[in-house]
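Structural overview
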Amino acid sequence: MIGILQEIQAKRTVDKLTLITQPYVRVLRDDKLEKQEYTKIVLDDVLFLETGDQIPADCKIVENQNLEVDESSLTGESENIQKKTGDPLWSGSTVTAGACYAKVTAVGADTMSGKITHESKKIKKENSKLNKSLNHLLKFLSLIILPAGILLFARTFFVGSTTDLPSAAVKTVSVIIGMIPEGLILLTSVSMAAGDVAMSRHHSLIQKLSSIETLARTNILCVDKTGTITTGKIKFMDLLLVEGDKTISIKDLTAEEKDKHTTIQAASALSSVLPAANETQKSLQKTFTQKTNWKAASILPFSSERKHSKAEFEGKGTWLLGAPEFINYSIPESLQEKIHSRLLEGYRVLILSEAKTFDEKESTLRGILILSDELRTDVAETFDYFEKQNVEVKIISGDDPQAVFAIAKRSGIKNMKSFANMKQVADQNILEKVKTTSIFGRVSPFQKKEILLALQKQGNIVTMVGDGVNDVPALKQADCSVAMAGGSDAAKNVSHIILLKNNIGSLIKAVYEGRRIINNIHRVASLFLVKTTYSAILAVFFVFWGKDYPIMPIQMSLINALTIGIPSFFLALKPNRERVSGSFLDNAVKTSIPIGMATAAVMILLQAASTVIDIPDPALSTMSAAVLSSAGILALFANCTPFTLSNTILFAGCTIALIGSMLFGGKLIFMTSLTLIQLVVLAVLTHPSLDYISSQKALFQKQYISCY
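Another point: the pattern of salt bridges. Within this structure, the stated rule accounts for 18 salt bridges. Its salt-bridge partner being K435, residue E432 comes within 3.2 Å of it at the nearest N-O pair. Of this pair, E432 and K435 both sit in helix α15 (residues 430-436), three residues apart, which is roughly one turn of that helix. Assessed through its relative accessible area of 51%, E432 is described here as exposed. By relative accessible area, which is 41% here, K435 ends up partly exposed.

Glancing now at the sheet that holds strand β20 (residues 439-441). Taken in spatial order, the eight strands of this open sheet run β8-β23-β22-β21-β9-β18-β20-β19, and their pairing is mixed. Of all the strands in the sheet, the pair left with one neighbour each is β8 (204-206) and β19 (419-421). Looking at each pair of strands side by side, their axes are set apart by 15 degrees on average, direction ignored. For β19 and β20, the ladder comprises three bridges, and the chain directions are parallel. Counterpart to A420 in the pairing with β20 is F440. Lying on the sheet, helix α19 (residues 506-544) is in contact with β8, β9 (220-223), β21 (462-466), β22 (480-484) and β23 (497-499); it crosses β23 at an angle near 145 degrees.

Right, let's get into unusual backbone geometry. Cis rather than trans, the peptide bond between T641 and P642 has omega equal to 0 degrees. When you line up the elements, P642 lands in the loop between α22 (617-640) and α23 (645-664). One non-glycine residue, N390, lies in the positive phi region at around 65 degrees. The exposure class assigned to N390 is exposed, which follows from its relative accessible area of 59%. Although it is not a glycine, N502 adopts a positive phi angle of roughly 55 degrees. Note on placement: N502 falls in the loop between β23 and α19.

For the structure on display, the rule yields four cavities of 30 Å³ or more. A volume near 70 Å³ is recorded for the largest cavity. In this structure, the largest cavity is lined by L527, V530, K531, Y534, I559, T563, I564, L628, A631, G632 and A635. Of all elements in the fold, only α19, α20 (553-572) and α22 reach the threshold of two or more residues within the lining of the largest cavity. Of the residues contributing to the lining of the largest cavity, the split by class is eight nonpolar, two polar and one charged. Volume-wise, the second largest cavity comes out at about 50 Å³. Together, L274, P275, A277, N278, Q281, P301, F302 and S309 line the second largest cavity. Here the lining of the second largest cavity is composed, by residue class, of five nonpolar, three polar and no charged.

Counting across every chain of the model gives eleven aromatic pairs. Geometrically, the ring pair formed by F48 and Y101 is tilted, given 5.0 Å between the ring centres and 50 degrees between the ring planes. Residue F48 is located in strand β3 (residues 46-50), and its partner Y101 is located in strand β7 (residues 94-106); the two are separated by 53 residues in the primary sequence. For the ring pair F236 and F288, a centre distance of 5.5 Å and an interplane angle of 80 degrees mean the geometry is edge-to-face. Remark: F288 occurs in the loop between α11 (279-287) and β12 (296-300) and F236 occurs in strand β10 (residues 230-243); sequence separation between them is 52 residues. The same class applies to F236 and to F288, which are both buried. Here the aromatic residues W294, F313 and W319 are joined through ring pairs into a cluster of three or more. Against the face of Y24 rests K35, its NZ or CZ located 5.1 Å from the ring centre. For the cation-ring pair, R577 lies above Y512, with the distance from its terminal atom to the ring centre recorded as 3.9 Å.

Structurally, the position occupied by V173 is in helix α5 (residues 165-179). Judged by relative accessible area, V173 falls into the partly exposed class, the value being 41%. The sequence separation of V173 and P553 amounts to 380 residues, and the corresponding C-alpha distance is 6.8 Å.

Conventions and cut-offs
- Along every chain, residues carry numbers that run from 1 in the direction the sequence is written.
- Only residues with pLDDT of 70 or above have their local features reported here, since the model is predicted, and side-chain atom pairs are shown and tallied only from 80 upward, although totals for entire chains, interfaces and linings are computed over all residues.
- Side-chain calculation: all heavy atoms of the structure are included, whereas hydrogens and water are not.
- By salt bridge we mean one thing: a side-chain nitrogen of Lys or Arg within 4 Å of a carboxyl oxygen of Asp or Glu.
- A run of DSSP states H or I qualifies as a helix once it reaches four residues; a run of E qualifies as a strand once it reaches two. Both are numbered from the N-terminal end.
- Throughout, exposure labels follow a simple rule: accessible area from a 1.4 Å probe, protein chains only, divided by the maximum for the residue type, with under 20% read as buried, over 50% as exposed, and the rest as partly exposed.
- Any two strands between which DSSP finds at least two bridges are classified as paired.
- With axes taken as lines fitted to C-alpha atoms, and helix axes fitted only over the stretch in contact, angles between N-to-C directions fall between 0 and 180 degrees.
- Every residue pair with non-hydrogen atoms within 4.5 Å of one another is taken to be in contact.
- Only protein atoms enter the calculation, which uses a 1 Å grid: trapped sets of points that fit a 1.4 Å probe without letting it out are cavities, open sets showing protein on both sides within 12 Å along at least five of seven lines are pockets, and any residue with an atom within 4 Å of a point is a lining residue.
- Grid points are joined across faces, edges and corners, and a volume is the space filled by probe spheres set on the points.
- Only Asp, Glu, Lys and Arg are considered charged in this grouping, and only Ala, Val, Leu, Ile, Met, Phe, Trp, Tyr, Cys and Pro are considered nonpolar; every other residue, Gly among them, is considered polar.
- In this analysis, rings of Phe, Tyr and Trp, with Trp reduced to its six-membered ring, are considered paired at centre separations within 6.5 Å, and the interplanar angle assigns stacked below 30 degrees, edge-to-face beyond 60, and tilted for intermediate values.
- Criterion for a charge above a ring: Lys NZ or Arg CZ within 6 Å of the ring centre, and within 35 degrees of the ring normal.

Geometric descriptors of this kind do not, in isolation, establish any biological role.
What follows is the structure in structure tokens.
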């Protein structure tokens, strides 16, 4: 029920998903601009778009006025794009500068944003191995329970000693109850829900219960760059002041020297007069806050096409700020090598130069600004943890692959294979490319999905971490998807996990919770399956045996509650950080079937002995309950190993409660006193099998190594 409610809520959220948030757009009709709802746009409409407008449909520019567009949400490209007449515009992107008239070429589901939205609404089958294993188990048991129940009822009512319908039904129910691992499904859901609550304390919202289990099984972690590894902000690192062929770091100057240095004054003046059009300029404005009396006579703001800005100051000359390859300046070879080395390290390098006049193209180098994409503080620790867990980390970004590769090195990713420009890779070659590539650059939204699909086809369990609209197809394809809270609504709506404080380090805690769930459910499932095993064997046996099933339902319920139900609940919530190994069915079957068969063997021997030694039905029922109680206690003993204080209290409490109920329950639970001969028979028959069950403790310890 918990999972169903979560799925319904997620489905309703996704159905409401749209990437277009601006409701109105200006349309040219009858030579007049009209304000229209974006849903009423049709093909061949001409739209007028200017700074701040969101593009509501795919278009083609017919008249351009220095248009610049932010396509980062769709393509992952972090820089604004300079557009020309005839260039395409994609719905969902935003105009950051200039204006244009554009002709609509696609609307609705045929647009770029429409295709992404369609991808996000596709239903994907759950990939929880734990739930799949439980479903397989239940299907198998259902094939046994129904025919066995019918046969046993017919045997009890028509052939056995029980002639009244209620008594026959009660005895049949006692067998059926034993065959059903009641509580195991609920315990799994409760354990996952407990993981959900635990993750909320680490500022993570779990939107799908099984996601933390899937994350714990992940062997490939795919992450976006901008907004995921980096914060999306630019961090000032250093200003190297150029003096001849040498440089001096601004960090080596005193406060008084900084105030008097002309180049630093120029940087402060430029930061104050140039608009904060991008994250780089915002970073410089925060860094260079010195007040100057410089007055700007002319200003040329930054543009994506020029890649630089400049300003002329009265009596101070003209100062330029921008990318090295877009400014003409003279520079010694030693300094050129220094710039090149910083670029290879993944830093952003800007040139601060001085020209005599505003229109002069030649300038003199005065400073080298070193900037960097701001890495999230927990990125290196997180990647180091996953690599130690043999989880391969791959970066998938819309940015330049060399820049992404450099960022990956700075973020601490070690075993990187190579990088690839996905604009140069055909779709049919992606399957082979993912085997040898760690860094993917210039990736389109749908290529991201194809990369994940290729990895999954190779048998990998893939987790995707992203934040943008361009990540939506990949997030939807991933076995486990994680979104940043600061990302787009579309990414958050389709993701299984949301990191509420954008802290990627929370994934480590999620892995711990997933391991706790998987390992502990693997462990306690053996308690349920021991009972299921011996009940199934006994059900078949008593169909052909001449007597009725000796255990009463109330006895079975008591044994189940104190050796399975109550202890399994507490054991399932114990901390466990060991790596997941083996499958659920393999781990549980290896330990439960031998114990279940040994228990069934004792019960069958007891029934055979009752034909040789005259044992009344009440005494036989009591002896049978004692056998099942002993087997349950020994199985619980194995599960409680190692005996910490809490495990000791749990085992002792359940054991004392069960023995006390057996001794003092009397008629309430259909127990009777046993004679000395009956006690001797019980001891002789059960001792070898119970010794074998006790020896299985070593197998439990080998299969399930827990760190409490």
